[in-house]
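Take a look at the letters that make up each chain.
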Amino acid sequence: MEFQFDGLADFLAMNGHGPYVWAAYGITLLAMAGLIVQPLLARRQLRREFRREQRIHARRAGRRQPGRRAAEGALAE
Amino acid sequence: MAWQWFHRLGSPRWFYEKSSGWLPWLAGASLLLLAVGMAWGLGFAPQDAKQGNSYRIIYIHVPAAFLALAGYYLMAISGAIGLIWKMKLSFVVMRAAAPIGAALTFVALFTGAVWGKPTWGTYWVWDARITSMLILFLLYVGMIALSRAFSREQLADKACALLALVGTVNIPIIYKSVDWWFTLHQPATIKLTESSSIDPSMFYPLLTMIAGFYCFYAWALILQTRTLVLQREWRTQWASQLLGEGR
């Protein structure tokens, strides 16, 4: 088994078929990368939303029990 | 007792915890196989006597088309399991399979068009194989649209499962299209029952790429399923704990 082309330029040109071959491989790699990145981004987004909701909940809980913060402060001392 | 594994398999939490250990292996295997297969197919496999170098597109075109079809089976079977046994996870897998299938069908169609130009002299013909693949693409896109059309998840699950099952009619048509209507698309080069009409020096890189695409499919499907599981379960205790810990 040996490399079928004479150098990089020949490899890229592919006897005139280069644009077709490289376009096909490029789009394929792009689509595949997208399939991996998209769920990871969606998960990060979900985590962000979750944290925001938690913060809102914590704030609401704090407002509902005004004595709680004072009690926590006392404990910390 | 014997059915315990079956029920556990249907539990999103069990899946989420187990699958995190599979991901690095699948990622490594698919990246390695794809890198080796691409280098082999692009640089080291011999030129085709008739098509020259344009044939090198086969190393992504055939695996992508393979997985686009296999992915549809997987999606339809998951939908059926969900309908019959009311398994939560299998509906999630069904929905996760839709965008991956759509992307792979698009890749098969795109690489086919780009391959068609230097080989057939045209990007597109309404050939039986190509048209039935376009219908497959539309089915996948329809699945994605349908899954977003309902505000109630359970309703969307059932509607999607029905669409997936009805759409399976298309799959044997795609397989057989090259034999039934002999128009432009060439018949299959790899056959299970007879010897293949492809030289070993071109066949081994193709096998490597097919194996790579299978691993990649599993990797992408598990990632997608995990994200969907979290999106659905984030109000449960285990999921919110995971999200809070940043895992």
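### Comments concerning the overall build of chain A
Within chain A, the regular secondary structure consists of 3 helices and 0 strands. Start at the N end of chain A and walk to the C end: the helices and strands fall as α-α-α.

### Side note on the overall build of chain B
Secondary structure summary: chain B contains 9 helices and 0 strands in total. Counting from the amino terminus, chain B carries its helices and strands in the arrangement α-α-α-α-α-α-α-α-α. Over its C-alpha atoms, taken along the principal directions, chain B stretches across nearly 60 × 35 × 35 Å. Sequence separation of at least 24 residues holds for 76% of the intrachain contacts in chain B that already meet a minimum separation of 6.

### Here we look at the confidence of the model for chain B
All names here are of chain B. The predicted model of chain B has a mean per-residue pLDDT of 87, with 91% of residues at 70 or higher. For chain B, the element scoring lowest by mean pLDDT is helix 1 (residues 4–9), at 67; helix 3 (residues 58–85) scores highest, at 94. Interface predicted TM-score (ipTM) for the complex: 0.87; the corresponding pTM is 0.88.

### Considerations on the nonpolar core
Among the nonpolar cores identified, the biggest contains 75 residues, and I57, A64, A68 and A97 of chain B are the most heavily contacted of them. Where this core is concerned, the elements lending two or more residues are helix 2 (18–64) of chain A together with helix 2 (12–44), helix 3, helix 4 (88–120), helix 5 (128–147), helix 6 (153–167), helix 8 (200–233) and helix 9 (237–245) of chain B. The element contributing the most residues to this core is helix 4 of chain B, with 18 residues. Setting aside anything within four residues of it in sequence, one finds A64 of chain B in contact with T28 of chain A together with L104, V107, A108, T111 and F213 of chain B.

### Observations regarding the interface of chain A and chain B
How large an interface is tends to be reported as the accessible area lost when its parts come together. Facing 27 residues of chain A, the contacting portion of chain B comprises 32 residues. If you tally residues by element for the side of chain A that touches chain B, the top one is helix 2 of chain A, at 19 residues. Broken down by class, the residue content of the side of chain A that touches chain B amounts to 20 nonpolar, 5 polar and 2 charged.

### Quick notes on the environment of E2 of chain A
One can find E2 of chain A in the segment before helix 1 (7–13). Using a count of 6 C-beta atoms within 10 Å as the deciding quantity, one classes E2 of chain A as exposed.

### Side note on unusual backbone geometry
Positive phi values are uncommon outside glycine, yet N15 of chain A reaches one of about 55 degrees. Position of N15 of chain A relative to the elements: it lies in the loop between helix 1 and helix 2. Take N15 of chain A: there are 11 C-beta atoms within 10 Å of it, and that puts it in the exposed class. Phi is positive for K86 of chain B, which is not a glycine, with a value near 55 degrees. As for its position among the elements, K86 of chain B is in the loop between helix 3 and helix 4. Take K86 of chain B: there are 12 C-beta atoms within 10 Å of it, and that puts it in the exposed class.

### Re the packing of helix 4 of chain B against helix 8 of chain B
Residues and elements named next belong to chain B. Where helix 4 meets helix 8, the closest approach of the two axes is 8 Å, and the angle between their N-to-C directions is 125 degrees. By the angle class used here, helix 4 and helix 8 are oblique. Where helix 4 crosses over helix 8, the handedness of that crossing is right-handed. On helix 8, the residues touching V92, V93, R95, A96, A97, P99 and I100 of helix 4 are Y217, A220, L221, Q224, T225, L228, V229 and R232. Partitioning the contact of helix 4 with helix 8 into residue classes produces 11 nonpolar, 2 polar and 2 charged.

### Considerations on the packing of helix 3 of chain B against helix 4 of chain B
Helix-helix packing is characterised by the crossing angle of the two axes and by the distance between the axes. All names here are of chain B. For the pair helix 3 and helix 4, interaxial distance at closest approach is 8 Å and the crossing angle is 155 degrees. Of the possible angle classes, the one that applies to helix 3 and helix 4 is roughly antiparallel. Crossing geometry of helix 3 relative to helix 4 is assigned as left-handed.

### Re the environment of A96 of chain B
Residues and elements named next belong to chain B. Assignment of secondary structure puts A96 in helix 4. Classification of A96 as buried rests on a count of 24 C-beta atoms within 10 Å. Beyond its immediate chain neighbours, meaning those up to four positions away, A96 contacts L221, Q224, T225 and L228.

Definitions and cut-offs
- Residues numbered from 1 in each chain as written.
- Chains lettered and ligands numbered in written order.
- Predicted model: local features only at pLDDT ≥ 70, side-chain atom pairs only at ≥ 80, totals over all residues.
- Helix = DSSP H or I, 4+ residues; strand = E, 2+ residues; numbered from the N terminus.
- Contact = placed C-beta atoms within 7 Å.
- pLDDT = per-residue confidence, 0-100.
- Core = buried A, V, L, I, M, F, W, Y, C linked by C-beta atoms within 7 Å.
- Buried ≥ 20, exposed ≤ 12 C-beta atoms within 10 Å, placed from the backbone.
- Nonpolar A, V, L, I, M, F, W, Y, C, P; charged D, E, K, R; others polar.
- Axes fitted to C-alpha atoms, helices over the stretch in contact; angles between N-to-C directions.
- Parallel < 35°, antiparallel > 145°, perpendicular 65-115°, else oblique.
- Left-handed = near helix turned anticlockwise from the far one by under 90°.

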